[in-house]
Amino acid sequence: MAKKYLIILDVDNTLIDTNYKSTSPTIYSTIEQMKNEGHVFLINSNRSIEDLKHIAKKFGLEKHIIGENGCFIYSQLTGEEKILVEDEVMIQLSQVKTLLPQLIKSNFPDAVYKIGDTTDINKHLESQDIPEEGKNIFILNQYRRFSISLHAKKVVDGELRKDLVAVEKISKLVQEFVDRQQFDLTVTYTDSYGNLLVFPRDNDKGKAFNSIAKEYPKFIRVVIGDDYLDKPLMSEVDYFLTVNNATEEVKQMADYTSSESITKGVEQILLNLDNIIKK
């Protein structure tokens with residue numbers, strides 16, 4: 001009997017690059033062929049449902065979507081959403097969101113703060129209103145309901161660019177507040193996008209996947225990812241595979257690392273799964 005794989009895909013720096021694009025023109029036909037053979041694909045990402053619906057459609061992925069680092073599960077077949085975040089934690093997140101403009105105003109003189117579609121803004125930086133040279137701009141993702149993503153930008157040579165100095169500073173300020181309040185929240189930031197991330201401490205990709213894993217009892221479970229947010233999935237799957245741009249920490253834990261990065265790495269893994277997995 002042929003092997004059937006349940007393939008859990010991360011999105012950022014795995015399925016797409018930092019420009020929100022695929023790095024392989026043939027990944028779509030590869031996924032379609034594997035679906036025709038009976039394999040199943042799930043998305044398990046830190047992004048919001050608004051982002052993930054578009055990505056799922058782009059890659060022809062029709063099954064469950066796990067988003068905002070395990071805060072919800074969305075069924076594309078039924079349109080039903082299961083929320084996994086406690087009400088008290090939602091209140092804590094709301095307090096952090098309320099605090100952000102105050103922290104920015106107090107610590108970044110003349111900074112611009114706005115709420116918007118950060119994905120669209122990052123895709124079309126050339127069409128944005130550019131503040132004066134050297135000015136900080138902070139953009140809060142308007143779509144996130146169970147987590148926070150705040151992008152830190154700075155105007156350099158007339159262009160908006162990620163500001164890792166600013167995002168590190170705002171992350172420390174938020175962390176101090178979270179610690180004082182003893183909130184059940186994790187605070188971190190990414191180098192790839194230059195954004196602050198705040199999400200519930202007790203939610204993760206592994207716990208969310210575990211709640212629906214029983215729907216796929218006879219499949220070999222495989223996750224393809226790139227960073228520490230994917231690590232909680234390790235205990236819930238049979239094989240943990242990474243693309244070549246994964247962090248060194250994650251590579252050391254992986255069962256296999258592709259020689260290619262991002263989408264090309266995903267495709268390389270998919271095309272060689274039977275050879276990678278000796279089971």
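Procedures and definitions
- Residues numbered from 1 in each chain as written.
- Predicted model: local features only at pLDDT ≥ 70, side-chain atom pairs only at ≥ 80, totals over all residues.
- Heavy atoms only, no water.
- Helix = DSSP H or I, 4+ residues; strand = E, 2+ residues; numbered from the N terminus.
- Salt bridge = Lys/Arg side-chain N within 4 Å of Asp/Glu carboxyl O.
- Buried < 20%, exposed > 50% of the residue type's maximum accessible area, 1.4 Å probe, protein only.
- Core = buried A, V, L, I, M, F, W, Y, C linked by side-chain atoms within 4.5 Å.
- Contact = heavy atoms within 4.5 Å.
- Pairing = 2+ DSSP bridges.
- Arc of directions from axis to C-beta.
- Phe/Tyr/Trp six-rings, centres within 6.5 Å; stacked < 30°, edge-to-face > 60°.
- Lys NZ or Arg CZ within 6 Å of the ring centre and 35° of its normal.

(A) Structural detail: the environment of Pro25. Along the polypeptide, Pro25 turns up in the loop between strand S1 (5-9) and helix H1 (27-36). Expressed as a C-alpha distance, the spacing of Pro25 and Lys264, which sit 239 residues apart in the sequence, is 9.0 Å.

(B) Region of the structure containing the pattern of salt bridges. Taken as a whole and judged by the stated rule, the model has 11 salt bridges. One salt bridge in this structure joins Glu32 and Lys35, with 3.4 Å as the shortest N-O distance. In this pair, Glu32 and Lys35 both sit in helix H1, 3 residues apart, roughly one turn of the helix. Overall, Glu32 belongs to the partly exposed group, its relative accessible area being 37%. On the accessibility criterion, Lys35 (18% relative accessible area) is buried.

(C) Geometry of the nonpolar core. Judged by nonpolar contacts, the single largest core of 62 residues is most densely connected at Ile170, Val174, Leu270 and Leu273. Excluding residues within four positions of it along the chain, Ile170 makes contact with Leu103, Ile104, Phe108, Phe138, Leu150 and Leu196.

(D) Summary view of the pairing of strand S7 (residues 136-141). Within S7, 6 of the 6 residues are buried, leaving the element largely enclosed by the surrounding structure. What you see with S7 is no split at all: Asn136, Phe138 and Leu140 on one side and Ile137, Ile139 and Asn141 on the other are buried throughout. One ladder, built from 5 bridges, connects strand S6 (residues 112-116) with S7; its direction is parallel. For Tyr113, the partnering residue across the bridge sits in S7 and is Phe138. For S7 and strand S8 (residues 148-156), the ladder comprises 5 bridges, and the chain directions are antiparallel. Following the sheet pairing, Leu140 is matched in S8 by Leu150. Hairpin connection, S7 to S8: the antiparallel pair is bridged by 6 residues.

(E) Examining helix H2 (residues 49-59) more closely. Buried within H2 are the following residues: Ile49, Asp51, Leu52, Ile55, Ala56 and Phe59. Within H2, the buried residues cover an arc of 150 degrees as seen down the axis, which keeps them to one side. With respect to the buried face of H2, the exposed residues turned more than 90 degrees away are His54 and Lys57. With its phi angle positive at about 70 degrees, Gly60 sits one or two positions after the end of H2.

(F) Spotlight on the packing of aromatic side chains. Summed over all chains, the structure comprises 6 aromatic pairs. Their ring planes at 80 degrees and their centres at 5.7 Å tell us that Phe177 and Phe183 sit as a pair that is edge-to-face. Here Phe177 and Phe183 have matching classes, each one buried. Looking at Lys58, its charged tip hangs above the ring of Phe59, at a distance of 5.9 Å from the centre. The side chain of Lys169 reaches across the aromatic face of Phe108, ending 4.9 Å from its centre.

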